[in-house]
Amino acid sequence: MDNKQVYGKRFSGSSGSATAATATIAAVTNGVHYITDISGGSAMSTATLTVLDGSNILWQVRIGNSAGYEHSFVQPLASASGNAVSITVDGVAPAAAGRNCFANIAGYTIS
C-alpha cells in the first residue's frame, strides 16, 4: 500500500442515469487527488469511460454494451494540484428508460 494512501483523505463518487453518468470529486486548494479505483457500465454499444483531471484525459477505455467494467490502479492516477477529478460514462436511453449507465470513482486526497 502506498504510504500516501494511509495519510490521505478518502473519497468516492457515484452516478447513474439513463443517458450518461458523471461522478465528480471537487477540487481541493493545493490538494492532489489520487484515483485508485474506477468502474462503470453502459447499455450503449459505443460507450466510453473517461477519467478526467480537470479537462485533461487521464484514462479512457471503450466499454460498449458492458454490464460492468472495473479497474484498480496499482500506481494511482494523480491529478494536478488543485484540480477536480471525474469519471464519465456515456449511455443510451432505450424504450424502457432507467439507470442504464453508471460511473464510480474512489481514491484519496493529499493536501
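All of the points below concern the structure found in this document. Please read all numbers here as calculations on a predicted model, not as lab measurements. (Residues numbered from 1 in each chain as written. Predicted model: local features only at pLDDT ≥ 70, side-chain atom pairs only at ≥ 80, totals over all residues. Heavy atoms only, no water.)

### Comments concerning the side chain of S79
Reasoning step 1: Assignment of secondary structure puts S79 in the loop between β6 (66-78) and β7 (85-90).
Reasoning step 2: Judged by its relative accessible area of 7%, S79 falls in the buried class.
Reasoning step 3: Setting aside its immediate chain neighbours within four residues, S79 contacts G31, V32, H33, D53 and V85. (Helix = DSSP H or I, 4+ residues; strand = E, 2+ residues; numbered from the N terminus. Buried < 20%, exposed > 50% of the residue type's maximum accessible area, 1.4 Å probe, protein only. Contact = heavy atoms within 4.5 Å.)

### Let's talk about the nonpolar core
Reasoning step 1: Residues I35, I38, L49, V51, I87 and I105 are the most contacted members of the largest nonpolar core, which totals 19 residues.
Reasoning step 2: Looking at this core, the elements with two or more residues in it are β2 (20-25), β3 (32-42), β4 (48-53), β6, β7 and β8 (101-110).
Reasoning step 3: Leaving out residues up to four positions away in the same chain, I35 has contacts with F11, V51, L58, F73, P76, L77, V85, I105, A106 and G107. (Core = buried A, V, L, I, M, F, W, Y, C linked by side-chain atoms within 4.5 Å.)

### Quick word on the environment of S15
Reasoning step 1: Relative to the elements of secondary structure, S15 occurs in strand β1 (residues 9-17).
Reasoning step 2: As for S15 and I105, which are separated by 90 residues in sequence, their C-alpha atoms are 9.4 Å apart.
Reasoning step 3: Setting aside chain neighbours within four positions, we find S15 in contact with A21, T22, A23, C101, F102 and A103.
Reasoning step 4: A polar contact of 3.4 Å, which involves the side chain of S15, links it to the backbone oxygen of T22. (Polar contact = N/O pair within 3.5 Å; in protein donor to acceptor, adjacent residues only side chain to side chain.)

### Remarks on the packing of aromatic side chains
Reasoning step 1: Within this structure, the stated rule accounts for two aromatic pairs.
Reasoning step 2: A ring pair is formed by Y34 and Y108, whose centres lie 5.1 Å apart and whose planes are at 15 degrees; its orientation type is stacked. Of the two residues, Y34 sits in strand β3 while Y108 sits in strand β8, which places them 74 residues apart along the sequence.
Reasoning step 3: By relative accessible area, Y34 is classed as buried at 14%.
Reasoning step 4: Take Y108: its relative accessible area is 0%, and that puts it in the buried class. (Phe/Tyr/Trp six-rings, centres within 6.5 Å; stacked < 30°, edge-to-face > 60°.)

### Observations regarding the sheet that holds strand β5 (residues 56-62)
Reasoning step 1: Pairing in this open sheet of four strands is antiparallel, and the strands run β2-β7-β4-β5 from one edge to the other. Edge positions in the sheet fall to β2 and β5, since each of these pairs with one other strand and no more. Each strand of the sheet is rotated relative to its neighbour by a mean of 10 degrees, with strand direction disregarded.
Reasoning step 2: Relative to β5, β4 is paired through six bridges, and the arrangement is antiparallel. Note on β5: the bridge partner recorded for V51 is W59. (Pairing = 2+ DSSP bridges. Axes fitted to C-alpha atoms, helices over the stretch in contact; angles between N-to-C directions.)

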